[in-house]
Amino acid sequence: MSVARNYRYFCSDPGQAIIKKDIADFKLQRVVVASCSPRMHEPTFRGTISQAGLNPYFLEMANIREHCSWVHKDRESASAKAFALIRGAVAKAALLMPLHQREVSVIPAALVVGGGAAGLRAARNIADAGFEVFVVEKEPILGGRVVRLANVAPSLEKAIDVLRDDLAAVASHPNIEALTNARVTAVEGYYGNFKVMVDRGQGTRDTGQGTRGTREAASVVSGGTRTLSVGCVIVATGSELFDPRLRPELGYGLYDNVITGFELEQILSNGGVGPDKIVLPGKRRLPTPRSIVLVKCVGSRDKNVGNEYCSRVCCSATAKHAL
C-alpha cells in the first residue's frame, strides 16, 4: 500500500501526527518527505517514524526548498526539478536497509596526519581538551609549507610568527607526541577504535620544534614500524604544488627567469630581489629584474591537466607578491 499527502508543515506536531497515522493505517514500510534540507528536520522525521514503529533509517528526504523553490526563478523548471528529486528519493527509499544505533567504547586519543598549520592547530585544540594526540609528519621538521613562506596574506605577517605559538605548544604539551620523518602505512579498525601503523624510517627524531632557530625538543629513536591506537584520525596533509611544466607555453624549465610563486617565496625569504640576491636551487644566479610579471591561475580549472578546480590561494598569493 502507498499513500501521498500534501501538507504545508509536516514538521509541525499535526503534520507528524498525519505521518504516524498513515504508517499505522496503511502499514507503510518506507517514508519519503519532500520538503526542506535534511540538515533542518531529518532528526525530526526519523523520530516521527520511529515512534510509529518503523526503523528510523527507513526515511528518505527530497530537498525541494533549498534546492528548488529558493534558488530558481523559473517556476516550471524548478517544479520539474522537484519532481525528479522526489522520484529519485522514492526509488532510493525502496532500497533502504534497517540500521541500528549502538554504543561502543572509544579510544580517547587522536592521530593528526600532517604537521602543517592546520595539523598543528588541530593537535593543540584536541590536546587542550584533555586528550592524547599523535602528530605524524613526513618531513624532518614541523610547520609544513607555511613555514617556508616569507609572510602570509592578507596581513603580511611573518609566516613563522603565525606558527610560533602552535609550534611551541606542540613541543611542550604533555598530551602531544610529534613523530617527524614518519608516514602512515596502514589503518585498521572502525569508528572510535583504529590501529594505525606508522613507518618511522631510520634515525627518526620526535620533534616538537625545529624551524628557524626555535628550540628543538627531540629524542633519537630507532627506525621501524610503530602501531598507534586512536579513536579518530584527522587528515591535514595540506597542498601540492602544480607542476608548471604541464603548461609548456609558459616556458618553465626552459628559461631561468620563469619561476614559480613558491620559488619567488624562497627568494623573498632570503632577502628579496636586489642585485646578486636571486639564487635558486639548481638554477644559475639571475640578474636583477627590470620588471616582474605575475601569472595567475596556472593549472586551475584546467581539464587538460586534470585540475578542474580553483586553487583558492593563488589570487591572494599574487596580491601578496605584488605588495
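Keep in mind that what you see is a predicted model, and the values were worked out from it rather than measured.

## Quick look at the overall build of the chain
Here comes step 1: Tallying secondary structure elements over the chain gives eight helices and eleven strands in all.
Here comes step 2: Evaluated residue by residue, the chain yields a buried proportion of 34% over its 323 residues.
Here comes step 3: Intrachain contacts of the chain at a sequence separation of at least 6 include 60% that bridge at least 24 residues.
Here comes step 4: When the accessible surface of the chain is totalled, it reaches about 20100 Å², and 53% of it is carbon and sulfur.

## Considering the environment of T225
Here comes step 1: Tracing the sequence through the fold places T225 in strand 10 (residues 225-230).
Here comes step 2: C-alpha of T225 to C-alpha of T185: the two residues are 40 residues apart in sequence and 8.8 Å apart in space.
Here comes step 3: Apart from the residues lying within four places of it in its own chain, the contact partners of T225 are M197, V198 and D199.

## As for the pattern of salt bridges
Where side chains of opposite charge bring their charged atoms close, a pairing between them can arise.
Here comes step 1: For the structure on display, the rule yields 13 salt bridges.
Here comes step 2: The partner of D25 in a salt bridge is K21, with the nearest N and O atoms 2.6 Å apart. Placement of the pair is D25 and K21 together in helix 1 (residues 13-26), with a separation of four residues, close to one helical turn.
Here comes step 3: On the accessibility criterion, D25 (44% relative accessible area) is partly exposed.
Here comes step 4: Accessibility expressed as a relative area gives 52% for K21, which makes it exposed.
Here comes step 5: With a closest N to O distance of 2.4 Å, K320 and E265 form a salt bridge. Of the two residues, K320 is situated in helix 8 (residues 314-322) and E265 in helix 7 (residues 261-269); the sequence distance between them amounts to 55 residues. Each member of the pair K320 and E265 is classed as buried.
Here comes step 6: Overlapping salt bridges, with partners in common, bring together R121, R124 and D166 in one network.

## Quick notes on the sheet that holds strand 9 (residues 193-199)
Here comes step 1: Across the sheet, three strands lie side by side as 8-9-10; this open sheet has antiparallel pairing. Each edge of the open sheet carries a strand with a single partner, namely strand 8 (183-190) and strand 10. Taken over all neighbouring pairs, the strand axes of this sheet differ in orientation by 20° on average, direction set aside.

## Some points on the packing of aromatic side chains
Here comes step 1: Counted by the stated rule, this structure contains one aromatic pair.
Here comes step 2: Here Y7 and F10 contribute two aromatic rings whose centre-to-centre distance is 5.5 Å and whose plane-to-plane angle is 55°, an arrangement assigned as tilted.
Here comes step 3: The ring of F58 is capped by R30, whose NZ or CZ atom sits 3.7 Å from the centre of that ring.
Here comes step 4: When the ring centre of F262 is taken as origin, the NZ or CZ atom of R145, which lies over that ring, is 5.5 Å away.

## Brief notes about the pairing of strand 8
Here comes step 1: With seven bridges joining them, strand 8 and strand 9 adopt antiparallel strand pairing. Residue pairing for strand 9: E188 is matched across the bridge by K195.
Here comes step 2: The antiparallel hairpin formed by strand 8 and strand 9 contains two residues in its connecting segment, where G192 sits at a positive phi of about 85°.

## Topic: the confidence of the model for the chain
Low pLDDT means the predicted coordinates in that region are not meant to be read closely.
Here comes step 1: Here the chain averages 87 in pLDDT, and 89% of its residues register 70 or above.
Here comes step 2: No element of the chain has a lower mean pLDDT than helix 7, at 81, and none a higher one than strand 3 (residues 109-113), at 98.
Here comes step 3: Between residues 203-221, whose pLDDT stays under 50, and residues either more than four places distant or in other chains, the model counts 54 contacts.

## What about the packing of helix 5 (residues 117-128) against helix 6 (residues 159-172)?
Here comes step 1: Close contact between helix 5 and helix 6 brings their axes to 9 Å; oriented N to C, the two are set at 50°. With respect to helix 6, the element helix 5 is oriented oblique. Taken as a pair, helix 5 and helix 6 cross one another with a handedness that is left-handed. Counting all contacts with helix 5, which are made through A117, L120, R121 and R124, the residues of helix 6 involved are L163, D165, D166, L167, A169 and V170.
Here comes step 2: Taken together, the residues of the contact of helix 5 with helix 6 sort by class into six nonpolar, no polar and four charged.

Basis of the calculations
- Residues numbered from 1 in each chain as written.
- Predicted model: local features only at pLDDT ≥ 70, side-chain atom pairs only at ≥ 80, totals over all residues.
- Heavy atoms only, no water.
- Helix = DSSP H or I, 4+ residues; strand = E, 2+ residues; numbered from the N terminus.
- Buried < 20%, exposed > 50% of the residue type's maximum accessible area, 1.4 Å probe, protein only.
- Contact = heavy atoms within 4.5 Å.
- Areas by Shrake-Rupley, 256 points an atom, 1.4 Å probe, with all protein chains shown as cover.
- Salt bridge = Lys/Arg side-chain N within 4 Å of Asp/Glu carboxyl O.
- Pairing = 2+ DSSP bridges.
- Axes fitted to C-alpha atoms, helices over the stretch in contact; angles between N-to-C directions.
- Phe/Tyr/Trp six-rings, centres within 6.5 Å; stacked < 30°, edge-to-face > 60°.
- Lys NZ or Arg CZ within 6 Å of the ring centre and 35° of its normal.
- pLDDT = per-residue confidence, 0-100.
- Parallel < 35°, antiparallel > 145°, perpendicular 65-115°, else oblique.
- Left-handed = near helix turned anticlockwise from the far one by under 90°.
- Nonpolar A, V, L, I, M, F, W, Y, C, P; charged D, E, K, R; others polar.

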